[in-house]
Amino acid sequence: MAVDPGSAFEAVFLDPVGQTVQQRWADAAIAVAFEELEPVSAFPVIPGRRWGPGLWWSSTTGRHVAAGSNAMRTQLMILDRDPRVIGLAGRPVRLLWRSDRGQVRSWVPQLFARYSDGSALLADCPSHLEAGGERAVKAAVAVSEACAQIGWTYRRLAPLDDVAAANLKWLAGYRHPRNQGRTGLMAAVLGAFAQPRPLIEGAEAAGDPIEVLPVVFHALWLGQLTTPLQSPLHERVLVGPGSSSRSGEPGGIR
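The structure displayed is predicted, hence computed values, not measured ones.

Side note on the overall build of the chain
Scanning the chain from N- to C-terminus turns up 7 helices and 13 strands. Principal-axis analysis of the C-alpha atoms places the extent of the chain at approximately 65 × 35 × 30 Å. Counting across all 254 residues of the chain, residues that qualify as buried make up 46%. The contacts of the chain with a sequence gap of at least 6 include a subset with a gap of at least 24, amounting to 61%. As presented, the chain carries roughly 12700 Å² of accessible surface, and 53% of it is formed by carbon and sulfur atoms. One finds the centroid of the 25 positive side-chain charges in the chain at a distance of 3 Å from the centroid of its 23 negative side-chain charges.

Here it is as structure tokens:
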């Protein structure tokens, strides 16, 4: 693909009918709803890896997001709980630029997140900090510059530790609204944990734990309740009131 020498960065993406479009990056960032687009290129399938490409159902948007790896799915879980996030997409845009020697370079960030203030995040989700090697490092510098020019952010998102990732995955299993329970049960659950108390005690106070626990986990996913996710979840873990309708801390694990 050619790059206009007068444009520092250009964007390549698929329009809503699947046609490839190339446009000045600054113009595309203003005009294009990347959160609504399909991946500009497929996620690679790497033989021998346990996890491969798939789809993540987002509780934020009610739509599926393409995900290329387990590490990316974990980062999608984090962003899906962030109250600032209103849109998510996997690999919706390829950035093009010229190197110092005039050679065309490109990179497709794995993840796009749109925030409620209109700004956005482009991100990669390495399974370990050194993943991608020198090419990824150089691309990170270029994509960071492209995002900074328009007031967006680029990040290589650090992997979660195993315990936090496992806890988040557990709560994500209860992210669908069907887990809010029958009428009045969520209010009873929130009332039972108005003050921090062990998980099982609050569940028993609200009713039959078999019926109540899915509602508790749904409220924890939404941030209506909170518990430390850096330690393993168990029946005596302390659960208390949350601080937002979507997550305990923007972009955080709580």
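Thoughts on the sheet that holds strand E12 (residues 225–226)
Taken in spatial order, the 3 strands make up an open sheet running E11-E13-E12, and their pairing is antiparallel. The sheet is open, and its two borders are formed by strand E11 (197–198) and E12, each paired with just one other strand. As paired elements, E12 and strand E13 (residues 238–241) share 2 bridges and run antiparallel to each other. The residue bridging Leu225 from the neighbouring strand is Pro241, located in E13.

Considering the packing of helix H5 (residues 185–192) against helix H6 (residues 199–206)
To characterise two packed helices, one gives the angle between the axes of the helices and the distance between these axes. Two elements in contact, H5 and H6, have axes whose closest approach is 9 Å; the angle formed by their N-to-C orientations is 135°. Accordingly, the angle class assigned to the pair H5 and H6 is oblique. As H5 runs across H6, the sense of the crossing is right-handed. Between H5 and H6, the contacting residues are Leu185, Ala188, Val189 and Ala192 on the first element and Gly202, Ala205 and Ala206 on the second. Split into classes, the residues belonging to the contact of H5 with H6 amount to 6 nonpolar, 1 polar and no charged.

Thoughts on the layout of surface pockets
Here the second largest pocket defines a volume of roughly 370 Å³. If you trace the second largest pocket, you find 16 residues lining it, with Trp97, Ser99, Arg105, Lys138 and Ala139 closest to the centre. Going through the elements one at a time, strand E6 (94–98), strand E7 (104–107) and helix H3 (133–150) are the ones with two or more residues in the lining of the second largest pocket. With 7 residues, H3 is the largest single contributor of residues to the lining of the second largest pocket. Grouping the amino acids of the lining of the second largest pocket by side-chain chemistry returns 6 nonpolar, 3 polar and 7 charged.

Structural notes on unusual backbone geometry
What is expected of a backbone is that most residues other than glycine have negative phi and most peptide bonds are trans. The phi dihedral of Arg91 is positive, around 50°, even though this residue is not glycine. The topology assignment puts Arg91 in the loop between strand E5 (85–90) and E6. A residue is classified by how much of its surface remains accessible, and Arg91, at 14% relative accessible area, is buried.

As for the environment of Ala203
Mapped onto the elements, Ala203 comes out in helix H6. Using a relative accessible area of 0% as the deciding quantity, one classes Ala203 as buried. Sequence separation of Ala203 and Phe193 is 10 residues, and the distance between their C-alpha atoms is 8.7 Å.

Observations concerning the packing of aromatic side chains
For the coordinates displayed, the defined rule picks out 10 aromatic pairs. Pairing Tyr174 with Phe217 gives two aromatic rings, centres 5.0 Å apart and planes at 45°, and the pair type is tilted. Taken together, the positions of Tyr174 in the loop between helix H4 (162–172) and H5 and Phe217 in helix H7 (residues 209–222) put the pair 43 residues apart, joining distant regions of the chain. The same class applies to Tyr174 and to Phe217, which are both buried. Following the ring pairs from residue to residue traces out a cluster consisting of Phe13, Trp25, Phe34, Phe112 and Trp152. Sitting above the plane of the Phe43 ring, Arg91 keeps its charged end 5.3 Å from the centroid. Taking NZ or CZ as reference, Arg175 lies 3.7 Å from the ring centre of Trp56, over its face.

Conventions we followed
- Residues numbered from 1 in each chain as written.
- Predicted model: local features only at pLDDT ≥ 70, side-chain atom pairs only at ≥ 80, totals over all residues.
- Heavy atoms only, no water.
- Helix = DSSP H or I, 4+ residues; strand = E, 2+ residues; numbered from the N terminus.
- Buried < 20%, exposed > 50% of the residue type's maximum accessible area, 1.4 Å probe, protein only.
- Contact = heavy atoms within 4.5 Å.
- Areas by Shrake-Rupley, 256 points an atom, 1.4 Å probe, with all protein chains shown as cover.
- Lys, Arg positive; Asp, Glu negative; His and termini not counted.
- Charge placed at Lys NZ, Arg CZ, Asp CG, Glu CD.
- Pairing = 2+ DSSP bridges.
- Axes fitted to C-alpha atoms, helices over the stretch in contact; angles between N-to-C directions.
- Parallel < 35°, antiparallel > 145°, perpendicular 65-115°, else oblique.
- Left-handed = near helix turned anticlockwise from the far one by under 90°.
- Nonpolar A, V, L, I, M, F, W, Y, C, P; charged D, E, K, R; others polar.
- 1 Å grid on protein atoms, 1.4 Å probe; cavity = no way out; pocket = protein on both sides within 12 Å on 5 of 7 lines; lining within 4 Å.
- Points joined across faces, edges and corners; volume = space filled by probe spheres on them.
- Phe/Tyr/Trp six-rings, centres within 6.5 Å; stacked < 30°, edge-to-face > 60°.
- Lys NZ or Arg CZ within 6 Å of the ring centre and 35° of its normal.

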